[in-house]
Amino acid sequence: MAEPIQLQSRTITGHRPGPHLLVIGGVHGDEFEPMLTCRRLLREIDAAKLSGRLTVIPCVNEPAFARCQRTGEDNLDLARVCPGDVNGSLTQRIAAALAEHIRAADALIDLHTAGHRYRMLQLAGYSLHPDATVLERQRSMARAFGLPVVWGTNARFNGTSLSVARDALKPAIYVENGGGATFDPAGVELNVFGCRQVLRSLGMLDEPVESRPVRYFVEDDRDHSGHLQRQHPSPAAGFFVATVALGEVVTPGQVIGHVTDHLGDACHEVVAADAGVVNFLRIFPSVQAGDALLALLPITSPGEVKYKRQKDEV
Ligand SMILES: [Zn+2]
């Protein structure tokens, strides 16, 4: 049997009883603001003012961080192999250890960025959980976090920290804030604020939840909602340059970028498959055929929209 993985974690035990919140960063090794957010929480959350327990894992995927990559050497995406396998490859064993932490907690915040090849709108997301109580708790955690996009997607997506939480009936959100191979201290500040807001919303800090405006609120229960890598795959290997910006509203058929060869002779136009707001955009020009270039949030003006699961979907 393989050596079990011990994730580097720390718990702040409050002076009063309450729920157990788990906050994690570094599921992907090239996402840095989440790691520092976690360390800030350990220094700033005062046990004397805390009801319940806060457990923090700043860097879940240490082998991926050491490689400066999204994944470890086995190239398995930790956000696709949960709940993992204690006898599997290194990433699968990390997933198994993470799943144990999630099951031991009462609620989860999984902090991400878009990684070094992409940028993304700042958002808090959750699954459209079939249990109404869990769903409502997730909605309120995501709204409380305070980012401009709140995005509920279908709960049938497997392999993630959120799917482990879903199966254990634990309220969970994920956060996307940052990306593009940079490190943004302002992103850390927003994340620390957001985590405090969730602690407030869970009754773990005796402070009022501050109201922050949500620009786009989308709940989309259609299959593949939230699966960014499926939308707008590159038609060829080459050099990708977008012609739209993050946050821009596009119409179906609009040209959103080009993939060219090095002389610019072969030029593939990439067009928007639907209407929506650009919420995920590749900023790394070297692409292989099939690489995700762009994803859209299915909304075209500030406000709320909900999509039900389509009948012909299985
Ligand atoms: Zn990530």
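One structure accompanies this document, and this report is about it. (Residues numbered from 1 in each chain as written. Predicted model: local features only at pLDDT ≥ 70, side-chain atom pairs only at ≥ 80, totals over all residues. Heavy atoms only, no water.)

### Comments concerning the overall build of the protein
A tally of regular secondary structure across the protein gives six helices and 17 strands. Taking 20 Å as the expected radius of gyration for a compact globule of 314 residues, we find that the protein reaches 19 Å, a close match to that expectation. Structurally, the protein occupies a C-alpha span of about 65 × 45 × 40 Å along its principal axes. Considering the protein as a whole, with its 314 residues, one finds that 51% of them fall into the buried category. At a minimum sequence separation of 6, the contacts of the protein that also span at least 24 residues come to 74%. Looking at the protein, you have 31 positive and 36 negative side-chain charges, and the mean spots of the two groups are 5 Å apart. (Helix = DSSP H or I, 4+ residues; strand = E, 2+ residues; numbered from the N terminus. Rg over C-alpha atoms; globule rule 2.2 N^0.38 Å. Buried < 20%, exposed > 50% of the residue type's maximum accessible area, 1.4 Å probe, protein only. Contact = heavy atoms within 4.5 Å. Lys, Arg positive; Asp, Glu negative; His and termini not counted. Charge placed at Lys NZ, Arg CZ, Asp CG, Glu CD.)

### Digging into the nonpolar core
Counting residues in hydrophobic clusters, the biggest one holds 39 residues, and the most contacted among them are Ile24, Val60, Leu98, Leu108, Trp151 and Leu297. Structurally, this core is a two-domain feature, drawing no fewer than three residues from each of domain 1 (10–220) and domain 2 (232–298). In contact with Val60, other than residues within four places in its own chain, are Leu7, Ile24, Gly25, Gly26, Val27, Leu78, Ile94 and Leu98. (Core = buried A, V, L, I, M, F, W, Y, C linked by side-chain atoms within 4.5 Å. Domains from an automatic or database assignment.)

### Looking at helix H3 (residues 90–104)
Between its first and last C-alpha atoms H3 spans 22 Å; for 15 residues at 1.5 Å apiece the expected length is 21 Å, and the two agree. Listed in full, the buried residues belonging to H3 are Thr91, Arg93, Ile94, Ala95, Ala96, Ala97, Leu98, Ala99 and Ile102. Among the structural elements, strand E2 (16–24), helix H2 (62–67), strand E4 (107–112) and helix H5 (161–167) are those in contact with the buried residues of H3. (Expected span 1.5 Å × (residues − 1).)

### Here we look at the state of the cysteines
Within this structure, the stated rule accounts for zero disulfides. With no disulfide of its own, Cys195 lies 7.0 Å from the sulfur of Cys38, the closest cysteine sulfur. (Disulfide = S-S within 2.5 Å.)

### Some details on the coordination of the zinc ion
On the protein side, the zinc ion has His28 (ND1), Glu31 (OE), Glu31 (OE) and His112 (ND1) as donor atoms, found 2.1 to 2.4 Å from it. Coordination at the zinc ion is irregular: its four donor atoms span angles of 57 to 145 degrees at the metal. Overall, His28 belongs to the buried group, its relative accessible area being 2%. (Donors = N, O, S within 2.8 Å, 3.2 Å for Na, K, Ca; no water. Tetrahedral: all angles 85-135°; square planar, octahedral: opposite > 155°, others 65-115°.)

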